[in-house]
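# Structure at a glance
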Amino acid sequence: MLKQLQKNIIAEIEKASELDELDKIYKRYLGRNGELTLFFRSLKDLPEEERKIKGRLANEIKEKIKNALEEKSKKLQDSKKEDLTSSTEGKLKKEWFDITAPGEKFKLGHLHPLTLIKREIIDIFQHMGFSPVEGPEIEDEWHNFDALNIQKDHPARDALSLGKTLYLKEEIPVKQKTKGKLLLRTHTSSVQIRYMEKNNPPFKIIAVGKIFRAEATDASHEINFYQVEGLMVDENVSVSNFKAIIQEFFKRFFKKPVKIRLRPSYFPFTEPSFEVDISCIVCQGKGCSVCKNTGWVEIMGAGMVHPYVFNSVKLNPKFWNGFAFGIGMDRLTMMKYKINDIRLFYSGDLRFLNQF
Ligand code: PHE
């Protein structure tokens, strides 16, 4: 019966897979009220001979069980240690990375070439005493046409065929008070009107912004592009003031001396009016495809502010005079960077844009 008990206990120990299971086995058999302990206690009631034999046997069993428990407990502790190290190693292997490898670079954004040029132009004019101002891209007929002496039957006002103006279909809510139909401004000259309505001369302003014209697009035409509008009004402004300022501007912008040439032209809001050409930057005036072999490139319209315009904004034309000009900024940028197609600016093509 004792032998059977021993067998059972040893089997239980073998099966144990946790250290506290061993603890429980110990308590169950060798603890204060353990089966074997009780058996030892019961020995004293036995006749001497039997007590001796059974006592020795029980002691042997007790020894064996203790040894088995100890051995097993050692085994379990060892395998636990092994588990721990092997899993840490696994983790380390999985999480390993090379701290000396070069990192991935963040992709930084950069400004659009037209934005860069816009800032540069404003900067140059600011250094010459011009203040940057802005006006709305959605305009009304009064600011875009009427106040600028562009008559009702002027072909540019026609929404169809010949005309280049994009009118808005419905009245949409806009912040400013409107006079006439709403449209996308066809030039930045509307900003002259807005500024003069609110400010008294003398002043020198510069307005750089988007304008819109219903054009068939090609390498040199877009339906929206940028204009740089300049306006200087004082008591005694002349064409020579204009020439000096614009010549200095081009010199600073292209970083070399540029020849300019004024040709007589017509704008309803200036008198006299000029078309301004600059000597071709690409071929230095020798003749190339950009200047169509003439050595000159038409770059802006300009003139002396028409008395009609001063009257529109309630300034006295007997007292004030001034010059105004409008430069095509896209063409200027194309000249500076030798770009041959205006549509590239609005294509969103990163191969083009990343060069700036
Ligand atoms: N507004 C004219 C245009 O769009 C340019 C211009 C501006 C001409 C100022 C004279 C004076 O072509």
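It should be emphasised that the depicted structure is a prediction, and the values quoted were computed from it without experimental measurement.

Conventions used here
- Residues numbered from 1 in each chain as written.
- Predicted model: local features only at pLDDT ≥ 70, side-chain atom pairs only at ≥ 80, totals over all residues.
- Heavy atoms only, no water.
- Near = heavy atom within 4 Å.
- Polar contact = N/O pair within 3.5 Å; in protein donor to acceptor, adjacent residues only side chain to side chain.
- Areas by Shrake-Rupley, 256 points an atom, 1.4 Å probe, with all protein chains shown as cover.
- Helix = DSSP H or I, 4+ residues; strand = E, 2+ residues; numbered from the N terminus.
- Nonpolar A, V, L, I, M, F, W, Y, C, P; charged D, E, K, R; others polar.
- Salt bridge = Lys/Arg side-chain N within 4 Å of Asp/Glu carboxyl O.
- Buried < 20%, exposed > 50% of the residue type's maximum accessible area, 1.4 Å probe, protein only.
- Patch = residues over 30% accessible without salt bridge, like charges linked within 9 Å, V, L, I, M, F, W, Y side chains within 5 Å.
- Lys, Arg positive; Asp, Glu negative; His and termini not counted.
- Charge placed at Lys NZ, Arg CZ, Asp CG, Glu CD.
- Pairing = 2+ DSSP bridges.
- Domains from an automatic or database assignment.
- Axes fitted to C-alpha atoms, helices over the stretch in contact; angles between N-to-C directions.
- Parallel < 35°, antiparallel > 145°, perpendicular 65-115°, else oblique.
- Contact = heavy atoms within 4.5 Å.
- Phe/Tyr/Trp six-rings, centres within 6.5 Å; stacked < 30°, edge-to-face > 60°.
- Lys NZ or Arg CZ within 6 Å of the ring centre and 35° of its normal.
- Expected span 1.5 Å × (residues − 1).

Taken together, 14 residues sit near the ligand, with His 187, Ser 189, Arg 213, Gln 227 and Gly 326 positioned nearest. At 2.9 Å from a nitrogen atom of the ligand is found a side-chain nitrogen or oxygen belonging to Ser 189. One nitrogen or oxygen atom from the side chain of Arg 213 is found 2.8 Å from an oxygen atom belonging to the ligand. Computed on the free molecule, the ligand has an accessible area of 320 Å², of which 91% lies beneath the protein chains in the complex. A per-element tally of the shell around the ligand places strand 9 (residues 321-328) first, with 3 residues. A breakdown of the residues in the shell around the ligand according to their chemical character gives 5 nonpolar, 7 polar and 2 charged.

Moving on, we come to the pattern of salt bridges. Enumeration according to the criterion identifies 13 salt bridges in this entry. Lys 152 is paired through a salt bridge with Asp 146; the nearest N and O atoms lie 2.7 Å apart. Judged by its relative accessible area of 62%, Lys 152 is exposed. Taking relative accessible area as the criterion, Asp 146 reaches 17% and is therefore assigned buried. Between Arg 351 and Asp 349 there is a salt bridge whose closest N-O contact spans 2.7 Å. Overall, the relative accessible area of 68% leaves Arg 351 in the exposed class. Residue Asp 349 is classed as partly exposed on the basis of its relative accessible area, which comes to 22%.

The subject of this paragraph is a negative patch on the surface. Where like charges cluster on the molecular surface, the negative patch consists of Glu 18, Asp 20, Glu 21 and Asp 23. For Glu 18, a relative accessible area of 42% gives the class partly exposed.

To continue, consider the sheet that holds strand 6 (residues 260-267). The 7 strands are arranged 1-4-5-9-8-7-6 in an open sheet whose pairing can be described as mixed. Each having just a single partner strand, strand 1 (131-132) and strand 6 make up the two edges of the open sheet. Where strand 5 (residues 224-234) lies against strand 9, 8 bridges are found, and the strand directions are antiparallel. For Gln 227, the partnering residue across the bridge sits in strand 9 and is Gly 328.

The domains assigned to the chain are domain 1 (2-88) and domain 2 (113-134 + 192-353). Between the C-alpha centres of domain 1 and domain 2 the distance comes to 103 Å.

So, on to the packing of helix 8 (residues 239-254) against helix 10 (residues 329-337). Where helix 8 meets helix 10, the closest approach of the two axes is 11 Å, and the angle between their N-to-C directions is 45°. Taken together, the axes of helix 8 and helix 10 are oblique relative to one another. Between helix 8 and helix 10, the contacting residues are Phe 249, Phe 250, Phe 253 and Phe 254 on the first element and Leu 332, Met 335 and Lys 336 on the second.

Turning our attention to the packing of aromatic side chains. Under the defined criterion, the tally for this structure stands at 18 aromatic pairs. Each ring, one from Tyr 195 and one from Phe 203, has its centre 5.0 Å from the other, and the planes form 85°; the classification is edge-to-face. In this structure Phe 203 comes out as buried when scored by relative accessible area, which is 7%. Aromatic pair Phe 249 and Phe 253: ring centres 5.6 Å apart, planes at 25°, arrangement stacked. Placement of the pair is Phe 249 and Phe 253 together in helix 8, with a separation of 4 residues, close to one helical turn. Comparing Phe 249 with Phe 253, the two get one shared label, buried. Cluster of aromatic residues (ring-pair linked, three or more members): Phe 125, Phe 130, Phe 242, Phe 249, Phe 250, Phe 253, Phe 254, Phe 274, Phe 323 and Phe 325. When the ring centre of Tyr 167 is taken as origin, the NZ or CZ atom of Lys 181, which lies over that ring, is 4.8 Å away.

The first and last C-alpha atoms of helix 8 sit 22 Å apart over 16 residues, in line with the 22 Å expected at 1.5 Å per residue. Positive phi shows up at Lys 255, right after helix 8, with a value of about 60°.

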